[in-house]
Amino acid sequence: MGRSSLEWDTLEYELQPWVRSAIETLGFDKMTPVQASTIPLFAGNKDVVVDAETGSGKTVAFVVPILEKIVQEQAFRLKRGHFHSLILTPTRELAKQIETVVQSFLVHYTEGTQQPIGCQLLVGTNEHSIRDDVNALCENRPQLLIGTPGRVLDLLQSPKVKTQSCSLVVLDEADRLLDASFVGDIEKILKVLPKQRRTGLFSATISAAGDTIFKTGLRNPVKIKVNGRAISAAPESLSINYCTVKPQLKLQLLISLINRFKFKKCIVYFPTCISVTFFYSFMNHLLSRGDITQDVKLFSLHGKLQTSSRIKTLDAFASHLGSAVLLTTDVAARGIDIPDVELVVQLDPPTDTDLFLHRCGRTGRANRIGKAVTFLNEGREEDFVGFMAVKNVVIEEDVSLQDPEIEGQAQQFYNTFLQWILEDRDRFDYAVKSYVAFIRYYSKHAAHSIFRLQNFDFVGLAKMYGLFRLPRMPEITKNLANKEEVTFGDGWLMDPPPVDMDTFAYRDAKLEQKRLEELKNLAKINDKKKLKFELKKKNVAWSNKTDTKETKQERREKMSRKRKAIEEELARQGSTSDKDDDDEIDKDWKETILKRKKGDQGKSNVQGSFDDL
């Protein structure tokens, strides 16, 4: 497609004047190839499957047809509880971002209040219940709904919500929405929507969805593949590089890159939520010491934060005027479009290899120059480069990323980390939990022939997390060769140990009091068998503790599903329209929760202790 054919005047579809005005005002001087190919087809009643590289303008390619169809089909006076279009996304952040794009277009809609166009965001938050969402839909009557599968499904299951008027559905990041974690909800949503609708699937890696795309009810779809190059699935403006590094030196190398590179925005991907929290705290400590020499602002974002906190963090990071670094997980890997991201760093490749390109694609968007860097552990992990080449993703080694000075400074850096951790036992708790979470993360890697625990440097990783003693884990016991040669007995990484675990205290007075009471209670146990049992319970392997935590989470989710089922049954009986009955539901549910809490009194929120790891 030549350059002249990307002028908006050459689009094979006549846009409404207000849409064209919005495009000009928003600075979209020319169409991208995906917009030129998709808009005429999708706005012209064709189902589409769009496979286009990250940062290629897919959002505008489906927002424009949706707005065009709403006006064309005169969907201004919908009946109560009805809607015209639905956009589904895998993450709350992406849903919020799409809503922002839609609102930026609607600012230019000048038909007046007699024929308003509205959209509603549907994501799970602690501020709005599903009942609030249903009431907002009925009162405001928006034509467009934008949300995540779970929340949208909850809404559609309300008897007050009617789906007959839905004319158009978009699945953004469709390959993710059609994988095992979402496909069940997606199938339920699509089942209650009209069959005579238009459907659009959009993704940078749509091929990963395979045959599951046929579960979406597509009717003779047109497949649009833009810039499908044999060499690389990434845009030309994006350079994807790697460098090999010892696990112990990864954090140092990250600090070195932050100090050496000039950037407006940088995103750093960590493997787990808890590691984001842990390293965010330590890196702020390094920033206060002056070890991070560039004047940067640090932000942290992960999936266990409340939705409102996640959205506020993302907005603050995007709007920060100076240099900024976002520490995050894969919650910010897909679809998020943040201006001026010039550097992306992955401390470890994602366990889902399809996410690799999505992570890299947060930079180099819309033909802007961007650099994506991945750290690989020396040795077997270098085979990941060849593994991705088979997927048409070329990763080139960049020796300039290396910093020859960091190895000589490794002991000094470790001592700084160690001193910070020894100031508060709670930091040590976080270090251990982060380390254990990483081992579990690593063991579940899709490319398990490359990322193997049998070849892993457990000690080097422990020092990267600032640990001075290896946790007791079957994964370590099974795979750590010559344990006696790398530890000083019982997992200690230094001799003498830097702290007496019996006196290692929490800064938090309540946590410390609880720890001392536990020690006191153990000292009172005279029965040797009982003492042995208590110690065994305290020092159960970390992987087992995490399994127990996940079981508790499953129980909480089960209770949540029970509540939803109760509300749905009462709704079917007509009770949801009666406020007194609604209050009674809440009262009954609160009593159930209070009973559960009474059974949980005295239980600790901190899993296990660290007296004998």
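Not measured: the values here are computed from a predicted model.

So, the sheet that holds strand 4 (residues 144-147)
- Strand order in this open sheet of seven strands is 3-4-2-5-6-1-7, and the pairing throughout is parallel. Of all the strands in the sheet, just strand 3 (119-122) and strand 7 (222-226) have a single pairing partner and so form its edges. Going across the sheet, the axis of each strand differs from the next one's by a mean of 15 degrees, ignoring polarity.
- Pairing of strand 1 (residues 48-52) with strand 6 (residues 198-203), which is carried by four bridges, proceeds in the parallel orientation. Residue pairing for strand 6: Val 48 is matched across the bridge by Gly 200.

Regarding the pattern of salt bridges
- Throughout the structure, instances matching the rule amount to 20 salt bridges.
- The salt bridge involving Arg 20 is made with Glu 24; its shortest N-O contact spans 3.6 Å. With Arg 20 and Glu 24 both in helix 1 (residues 17-25), this residue pair falls four residues apart, about one helical turn.
- Residue classification places Arg 20 among the partly exposed residues on the basis of a relative accessible area of 24%.
- On the accessibility criterion, Glu 24 (51% relative accessible area) is exposed.
- Residue Asp 330 is joined to Arg 359 by a salt bridge in which the shortest nitrogen-to-oxygen separation is 2.6 Å. Of this pair, Asp 330 sits in the loop between strand 11 (323-328) and strand 12 (341-346) while Arg 359 is found in helix 12 (residues 354-360), placing the two residues 29 residues apart along the sequence.

Observations regarding helix 2 (residues 33-43)
- Across the 11 residues that make up helix 2, a large majority, eight, are buried.
- Val 34, Gln 35, Ala 36, Thr 38, Ile 39, Pro 40, Phe 42 and Ala 43 are the residues of helix 2 that are buried.
- Buried residues belonging to helix 2 abut strand 1, helix 3 (58-72), strand 5 (168-172), strand 6 and strand 7.
- The positive-phi residue at the C-terminal boundary of helix 2 is Asn 45, with phi of around 70 degrees.

Details of the sheet that holds strand 12
- Pairing is parallel in the open sheet, where seven strands are placed in the order 10-11-9-12-13-8-14. Since the sheet does not close on itself, it has two edges, and those belong to strand 10 (296-301) and strand 14 (396-397), each with one partner.
- The sheet contacts of helix 9 (residues 250-260) involve strand 8 (238-245), strand 9 (265-269), strand 10, strand 11, strand 12 and strand 13 (370-377), and relative to strand 13 the element is tilted by about 160 degrees.
- Contacts from helix 10 (residues 273-289) reach strand 10 and strand 11, with the element oriented near 165 degrees to strand 10.

Some details on the packing of helix 10 against helix 15 (residues 425-443)
- For the pair helix 10 and helix 15, the least separation of the axes is 9 Å and the interaxial angle reads 140 degrees. The hand of the helix 10/helix 15 crossing is left-handed. Packed against helix 10, whose contacting residues are Ile 274, Ser 275, Thr 277 and Phe 278, the element helix 15 presents Arg 427, Tyr 430, Ala 431, Lys 433, Ser 434 and Ala 437 at the interface.

Thoughts on the confidence of the model for the protein chain
- Here the protein chain averages 83 in pLDDT, while 81% of its residues score no lower than 70.
- Note that residues 575-590 has pLDDT below 50 and, in this model, 15 contacts with residues that lie over four places away or in other chains.

Some details on the UniProt feature "domain: DEAD-box RNA helicase Q" (unreviewed entry) in the protein chain
- Residues given the UniProt feature "domain: DEAD-box RNA helicase Q" (unreviewed entry) here are residues 8-36.
- Strand forms 0% of residues 8-36 and helix 45%; the C-alpha atoms that close the span are 8 Å apart.

Considering the pairing of strand 3
- Both strand 3 and strand 4 contribute to a ladder of four bridges, which runs parallel. From the neighbouring strand, Gln 120 faces strand 4, where its bridge partner is Leu 145.
- Chirality of the crossover, the property in question, places the unit of strand 3, helix 5 (residues 130-140) and strand 4 among those that are right-handed.

About the criteria used
Residues numbered from 1 in each chain as written. Predicted model: local features only at pLDDT ≥ 70, side-chain atom pairs only at ≥ 80, totals over all residues. Heavy atoms only, no water. Pairing = 2+ DSSP bridges. Helix = DSSP H or I, 4+ residues; strand = E, 2+ residues; numbered from the N terminus. Axes fitted to C-alpha atoms, helices over the stretch in contact; angles between N-to-C directions. Salt bridge = Lys/Arg side-chain N within 4 Å of Asp/Glu carboxyl O. Buried < 20%, exposed > 50% of the residue type's maximum accessible area, 1.4 Å probe, protein only. Contact = heavy atoms within 4.5 Å. Left-handed = near helix turned anticlockwise from the far one by under 90°. pLDDT = per-residue confidence, 0-100. UniProt positions renumbered as here; feature names shortened; annotations may be inferred. Right-handed = clockwise from strand over helix to strand, strands pointing away.

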